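Working through the structure, step by step
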Amino acid sequence: MATPLTLKELSKKEDRFTHGHRMCSGCGAPIVVKIAMMATEYPVVVSNATGCLEVSSCISEFTAWNVPWIHTAFENAAATLSGVETMYRSLKKQGRFDKDKEVKFIAFGGDGGTYDIGFQSLSGAMERGHDMIYICYDNGAYMNTGIQRSSATPLGADTTTCPAGSVIPGKLRARKNLTKIMAAHDIPYVAQASPSHWLDLAKKIQKAHEIKGPKFINVIAPCNRGWRSKTNDAIQLSRLAVNTCYWPLYEIENGVTRITVTPKEKISVAEFMKPQGRFKHLFSPENEGLLQRVQDEVDREWAKLQKEAKTD
């Protein structure tokens, strides 16, 4: 059930994730969710890990979700949804559910509830082969609870638990490459996407729905509170993340890697970092070495991805 992916057609659709939620002004996460929910006509059931999205989109009796939605604990969004998907398959086998009605299942989690606290649950659901999509909105820290570092926090970033100062210059380890870790589960579809490239993201959601089995999509989601950036630059920053190759856009389908967007001109990762206060200290003379280390890390991963990828 493919939705025509034009802005004109999408604008006519009923909102499945509505206005009125309490996400921060300029947050990237609701943009990601809105695109994901608009990209298909299938009925969907959503499981949502505790985090910014959950606490801000369903408050008391008020909700922004216009679909069946389950709030789960921080650690078990994937496990909860795998149970729902299993029940659905069982009811179809028993003839208690319309066999011609196809329902899809989507889990949403931030990087804290995906890379860290919910990783065991996610890994288990993927290994068991449940027919579901897990979408991580990655803002690079535990933003909901005070901007603590997560394993998605970039090298050099200043957070409340790895503060940049006279002792350390921010986080000293590179971020975990969760997209590649999920690909190592040998699942049929894994992708990385960005709200700045909405059509690429929507196509990946649409493709994932047509593939049977477990799927994982990692989407960068700027957070102006934690990134200490402007409230109107989520799209600009996510585009810079793509054009610097800090956040390359690619997919791995049945083990075959394909880069879906290649920057016309790869620019320095410093251009992505300069508008963000969390990296301000890296532009001091004493931290030139760490800034170069960040660039070297990005260059190495991009070169590796290019070697792995097949071109159209």
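Basis of the calculations
Along every chain, residues carry numbers that run from 1 in the direction the sequence is written. For this predicted model, a pLDDT threshold of at least 70 governs which residues receive local features, and a threshold of 80 or more governs which side-chain atom pairs are given and counted, while totals over whole chains, interfaces and linings are taken from all residues. Hydrogen atoms and water are omitted, and side-chain values are computed over all heavy atoms in the structure. Labels follow the DSSP assignment, with helices taken as runs of H or I lasting at least four residues and strands as runs of E lasting at least two, numbered in each case from the N terminus. Multiplying one less than the number of residues by 1.5 Å gives the expected span of a helix. Buried residues are those whose accessible area, probed at 1.4 Å on protein chains only, stays under 20% of the maximum for their type, while exposed residues exceed 50% and partly exposed ones sit between those limits. Regarding the arc, it is the one traced by the directions from the helix axis to the C-beta atoms. Contacts: residue pairs with any heavy atoms within 4.5 Å of one another. Note on definitions: angles span 0 to 180 degrees between N-to-C directions of axes, and those axes are lines fitted to C-alpha atoms, for helices only across the stretch in contact. Angles are sorted into four bins: roughly parallel if under 35 degrees, roughly antiparallel if over 145, roughly perpendicular if 65 to 115, and oblique for all others. The handedness criterion is simple: a crossing whose near helix is rotated anticlockwise from the far helix by less than a right angle is left-handed, and one whose near helix is rotated clockwise is right-handed. Residues are sorted three ways: Asp, Glu, Lys and Arg are charged, Ala, Val, Leu, Ile, Met, Phe, Trp, Tyr, Cys and Pro are nonpolar, and all the rest, Gly among them, are polar. In protein, a polar contact means a hydrogen-donor-capable atom and an acceptor-capable atom, both N or O and within 3.5 Å, with residues adjacent in sequence counting only if both atoms are side-chain atoms; elsewhere, any N or O pair within 3.5 Å suffices. Following DSSP output, two strands are said to pair if at least two bridges run between them.

Points about helix α4 (residues 77-93)
Counted at 1.5 Å a residue, the expected span for α4 with its 17 residues is 24 Å, and the 25 Å between its end C-alpha atoms agrees. Among all positions in α4, only A77, A78, L81, S82, V84, E85 and Y88 are buried. Around the axis of α4, the buried residues are gathered within 160° of arc, so they sit on the same side. Residues of α4 that are buried in the fold lie against β1 (44-48), β4 (69-71), β5 (104-110), α6 (119-128) and β6 (132-138). Directly after α4, the chain includes G95, whose backbone phi takes a positive value near 75°.

Overview of unusual backbone geometry
Despite not being glycine, S60 has its phi angle at roughly 55°, a positive value. You can see S60 is positioned in the loop between β2 (58-59) and β3 (62-63). On the basis of relative accessible area, S60 is assigned to the exposed category, the value being 66%. The phi dihedral of N254 is positive, around 50°, even though this residue is not glycine. Within the fold, N254 resides in the loop between β9 (249-253) and β10 (256-261).

Description of the packing of helix α2 (residues 29-38) against helix α8 (residues 198-209)
Orientation of α2 relative to α8, taken along the N-to-C sense of each, is 50°, at an axis distance of 9 Å. Accordingly, the angle class assigned to the pair α2 and α8 is oblique. As α2 runs across α8, the sense of the crossing is right-handed. Note on element contacts: α8 touches α2 through W198, L201, A202 and I205, opposite V32, I35 and A36. Looking at side-chain class alone, the contact of α2 with α8 contains seven nonpolar, no polar and no charged residues.

Some details on the side chain of Q295
Considering the arrangement of structural elements, one finds Q295 in helix α12 (residues 288-308). Within the structure, the side chain of Q295 is placed 2.9 Å from the backbone nitrogen of V269, a separation counted as a polar contact. When sequence neighbours within four positions are dropped, the list of residues in contact with Q295 reads K266, S268, V269 and A270.

Observations regarding the sheet that holds β5
Here we have eight strands laid out as an open sheet, ordered β4-β1-β5-β6-β8-β7-β9-β10, and mixed in their pairing. Strands at the two margins of the open sheet, each flanked by one partner only, are β4 and β10. Neighbour-to-neighbour, the strand axes of this sheet turn through a mean angle of 15°, independent of strand direction. Its contacts with the sheet put α4 on β1, β4, β5 and β6, and the angle it makes with β5 is roughly 175°. This element, α8, spans β1, β5, β6, β7 (189-193), β8 (214-220), β9 and β10 of the sheet and lies at about 165° to β7.

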